[in-house]
Amino acid sequence: MPTRADIELDVGGKTFASGLLPELIAALRRSRPGDLVAVSSSSPNVGPELETWCRFTRNTLVDTSVGSNGTRWVLRCGEAPASEAARPVGSRLWLYTNFDCNLRCDYCCVRSSPKAPRRALGLDRVERIAREAAELDVHEIFVTGGEPFLLKDIGQILSACAETAPTTVLTNGMLFAGRRLETLRSLSRERITLQISLDSPTPERHDRHRGAGSWMRAWQGIERARAEGCRVRLAATVSTDEEAEEFRLFLDAQSIAEENRVIRRIVLRGFAEQGLALARADLVPEVTITAEGVCWHPVGAEDSDLLVTRDIFPLAEAFAAVRRAFEHEGEHRRRLATIFNCA
Ligand code: SF4
């Protein structure tokens, strides 16, 4: 069932560069905060631009669906209600345990590969981070890389994190054999979730980005983890709304619950040659720690524009530095808005 909207706007083949914007603004002027406006377009280019526009204008994209005549996006006028937007800076904590990987995906946002130097965060630092995070109202910890299961002590790393908060480890799911399978078996079923990458319902597109045979091995890893009783979330990285919709239908057919699915766009960082261009100002910060320091967000965690401080400890000070930077960013945006209005 398509999401019901208060206003339906069919913009045909128009894009932001060819007349969509005035129609959109006129529709929003007829709306009240909280109203839903549906935008239907036959142009495949509208989606990323509309996402960016919503972020900048503090409207909220709530639904995307693809039909035979094009795509329909539904946005809510005004910011998401507090219950949806409530993710205070620091409630999510990301740890990059390492940067080396058994794969070399062509869109990897942190340039991981078998040749990438490990740059390990290390168990000692993770344990201290977890101890200090326990005092800082961290609700969720995400462990990522590189491929975290390349590390011999990943089981201890995940257990240390899970003592502090429910923990999700992002993995390509291809290494669950031998000692790594033993590690998998040792993990808390209640506190640790595996987020396994699967980009498409069938191997072709996944393998094109991630390497021949990788879809099948990821799928086997998913089945292995499920058979071991682990909670598994599937995460697809896609290029278009059509790819997202195709994957959504696949997840529906597999009866995968909403909370166990993630579909996100390729971001123009790292190895990616095309994708969503995201600057720091586009991103609500999620504190991210690597061996090099503390970053604004996990997407592009090795890019200097997202580095906030090289000092990880004390962790409370690192969190405060990210919050200060966020406030500063808000000030900057407000100043820009004033300049724009005067012009
Ligand atoms: S996207 Fe993930 S699996 Fe692919 S190279 Fe990067 S870290 Fe490895």
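Check the entry above for the structure.
Only a predicted model underlies this, so the values are computations on that prediction, with no experimental measurement involved.

**Describing the sheet that holds strand E7 (residues 167-171)**
The strand order across the open sheet formed by 9 strands is E10-E9-E8-E7-E6-E5-E11-E12-E13, and the pairing between neighbours is mixed. Each edge of the open sheet carries a strand with a single partner, namely strand E10 (261-265) and strand E13 (307-309). Put simply, the sheet's adjacent strands are angled 25° from each other on average, direction ignored. Taken strand by strand, helix H9 (residues 241-253) contacts strand E9 (231-238) and E10, and its axis lies near 170° from that of E10.

**A few points about the environment of Thr-15**
Within the element layout of this structure, Thr-15 appears in the loop between strand E1 (7-10) and helix H1 (20-29). Residues within four places of Thr-15 in sequence aside, it is in contact with Leu-20, Ser-43, Val-46 and Glu-49.

**Structural notes on helix H5 (residues 154-164)**
Among the 11 residues of H5, 8 are classified as buried, and the element is accordingly described as predominantly covered. Of all the residues in H5, the buried ones are Ile-154, Gly-155, Ile-157, Leu-158, Ala-160, Cys-161, Ala-162 and Thr-164. On its buried face, H5 sits against strand E5 (92-96), helix H4 (123-133), strand E6 (140-144), E7, helix H6 (178-186) and strand E8 (192-197).

**Structural notes on the environment of Asn-69**
When you line up the elements, Asn-69 lands in the loop between strand E3 (60-67) and strand E4 (70-76). A C-alpha to C-alpha distance of 9.6 Å links Asn-69 and Ser-43, two positions 26 residues apart in sequence.

**Some remarks on the packing of H1 against helix H2 (residues 46-57)**
The N-to-C vectors of H1 and H2 enclose an angle of 45°; their axes lie 13 Å apart at closest approach. By the angle between their directions, the pair H1 and H2 is classed as oblique. When you trace H1 past H2, the crossing you get is right-handed. Contact residues: H1 offers Leu-20, Leu-21, Leu-24 and Leu-28, while H2 offers Val-46, Leu-50 and Trp-53. Considered class by class, the residues forming the contact of H1 with H2 number 7 nonpolar, no polar and no charged.

**Quick look at the side chain of Ser-43**
The residue Ser-43 is located in the loop between strand E2 (36-41) and H2 in this model. Classification of Ser-43 as buried rests on a relative accessible area of 9%. Residues contacting Ser-43, with those up to four places away along its chain left out, are Gly-12, Gly-13, Lys-14, Thr-15 and Trp-73.

**What about the packing of aromatic side chains?**
What the rule picks out here adds up to 8 aromatic pairs. A ring pair is formed by Phe-16 and Trp-53, whose centres lie 6.4 Å apart and whose planes are at 45°; its orientation type is tilted. Remark: Trp-53 occurs in helix H2 and Phe-16 occurs in the loop between E1 and H1; sequence separation between them is 37 residues. Residue classification places Trp-53 among the buried positions, given a relative accessible area of 14%. Ring geometry for Tyr-96 and Phe-99: centres 5.1 Å apart, planes at 10°, overall stacked. Across this residue pair, the class does not change: Tyr-96 and Phe-99 are buried. Taking NZ or CZ as reference, Arg-104 lies 3.7 Å from the ring centre of Phe-271, over its face. Residue placement shows Arg-128 over the ring face of Phe-313; its charged tip is 3.9 Å from the ring centre.

**Topic: the pattern of salt bridges**
A full pass over the atoms with the stated rule returns 24 salt bridges. A salt bridge links Glu-245 to Arg-248, with the shortest nitrogen-to-oxygen separation between them at 2.8 Å. Residue Glu-245 and its partner Arg-248 are located together in helix H9, separated by 3 residues, close to a single helical turn. Judged by its relative accessible area of 17%, Glu-245 falls in the buried class. When the shortest N-O distance is used, the salt bridge between Arg-261 and Asp-252 registers 2.8 Å.

What counts, and at which threshold
Residues numbered from 1 in each chain as written. Predicted model: local features only at pLDDT ≥ 70, side-chain atom pairs only at ≥ 80, totals over all residues. Heavy atoms only, no water. Pairing = 2+ DSSP bridges. Helix = DSSP H or I, 4+ residues; strand = E, 2+ residues; numbered from the N terminus. Axes fitted to C-alpha atoms, helices over the stretch in contact; angles between N-to-C directions. Contact = heavy atoms within 4.5 Å. Buried < 20%, exposed > 50% of the residue type's maximum accessible area, 1.4 Å probe, protein only. Parallel < 35°, antiparallel > 145°, perpendicular 65-115°, else oblique. Left-handed = near helix turned anticlockwise from the far one by under 90°. Nonpolar A, V, L, I, M, F, W, Y, C, P; charged D, E, K, R; others polar. Phe/Tyr/Trp six-rings, centres within 6.5 Å; stacked < 30°, edge-to-face > 60°. Lys NZ or Arg CZ within 6 Å of the ring centre and 35° of its normal. Salt bridge = Lys/Arg side-chain N within 4 Å of Asp/Glu carboxyl O.

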